[in-house]
Amino acid sequence: MSYQPNRRRHSQSPGTGRWPRMDGEVEFDEYVLACVFSRALEEIDAGEATATEATGLSRAELRDILTRRFPARLAPAFSLEEVNDPALGMEEELLRGMLLTHARAGDIASARFAKIIARRALRNDHLWQDLGLSDQAELSRLLATHFPKLASGNTQNMRWKKYLYRKLCEAEGFSLCTATSCRECNDFKDCFGPEEGKSRLARTKEDWD
């Protein structure tokens, strides 16, 4: 069972480079959560993870979100009574801590997205793909909304996962790479190239076709 969010209202306005004014922050947050939950349900159905392992959220947090924001019929698919709170490895704990430090003060949504992003960043695809989003622009919006100071530092349009790990390394006092400058690095495209690829929804549609 997968929950497919309505993406039509949340794409960028053609040619403007700006997000539509019709999208309120709460509405966009709910859309992102729906995308994340869709990915989580795919992993649950495949036996790859439990609901808490897929999202990085506790049972209580998941229950609260599902109760407040989603149809009641969706909650049973997450089998919350059968799962434990997520265990954190050192990498995830450090990344979560950095995100929480930069989250908007007193904003429970920002804190929860910090946990979700830290967990999904451990997956292998582009971060926007592993969050279930349509493209990198949606991830940029999410980070700019909930982690504005952190996001504003990505002035060179570095890939977001690379950027987050670079900031984490800086905070921990060690270097992520040994290149004297990004422009002189042979791996430049790995950090700054376009985050190409298809969204999970597009892949699923192709499978259905």
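Presented here is a report on the structure given in the accompanying data block. (Residues numbered from 1 in each chain as written. Predicted model: local features only at pLDDT ≥ 70, side-chain atom pairs only at ≥ 80, totals over all residues. Heavy atoms only, no water.)

## Remarks on the pattern of salt bridges
- Counting across every chain of the model gives 12 salt bridges.
- We note a salt bridge from E43 to R123, for which the minimum N-O separation is 2.8 Å. Placement of E43 in helix α1 (residues 25-45) and of R123 in the loop between α5 (108-120) and α6 (127-130) is noted, with a sequence separation of 80 residues between them.
- Accessibility expressed as a relative area gives 4% for E43, which makes it buried.
- Several salt bridges share partner residues, and in doing so they unite R39, E42, E43, R120 and R123 into one network. (Salt bridge = Lys/Arg side-chain N within 4 Å of Asp/Glu carboxyl O. Helix = DSSP H or I, 4+ residues; strand = E, 2+ residues; numbered from the N terminus. Buried < 20%, exposed > 50% of the residue type's maximum accessible area, 1.4 Å probe, protein only.)

## Comments concerning the packing of aromatic side chains
- Following the criterion strictly, the structure yields 4 aromatic pairs and no others.
- Judged by centre distance (5.2 Å) and plane angle (50°), the rings of F37 and F70 are tilted. Taken together, the residues span a long stretch of sequence, with F37 in helix α1 and F70 in the loop between α3 (59-69) and α4 (90-102) at a distance of 33 residues. Comparing F37 with F70 shows no difference in burial state: the two are buried.
- Pairing W160 with Y163 gives two aromatic rings, centres 5.6 Å apart and planes at 85°, and the pair type is edge-to-face. Of this pair, W160 and Y163 both sit in helix α9 (residues 160-172), 3 residues apart, roughly one helical turn. Of the two residues, W160 and Y163, both sit in the buried class.
- Joined through ring pairs, the aromatic side chains of F37, F70 and F78 make up one cluster.
- Above the face of the F28 ring, R141 is positioned so that its terminal group lies 4.1 Å from the ring centre. (Phe/Tyr/Trp six-rings, centres within 6.5 Å; stacked < 30°, edge-to-face > 60°. Lys NZ or Arg CZ within 6 Å of the ring centre and 35° of its normal.)

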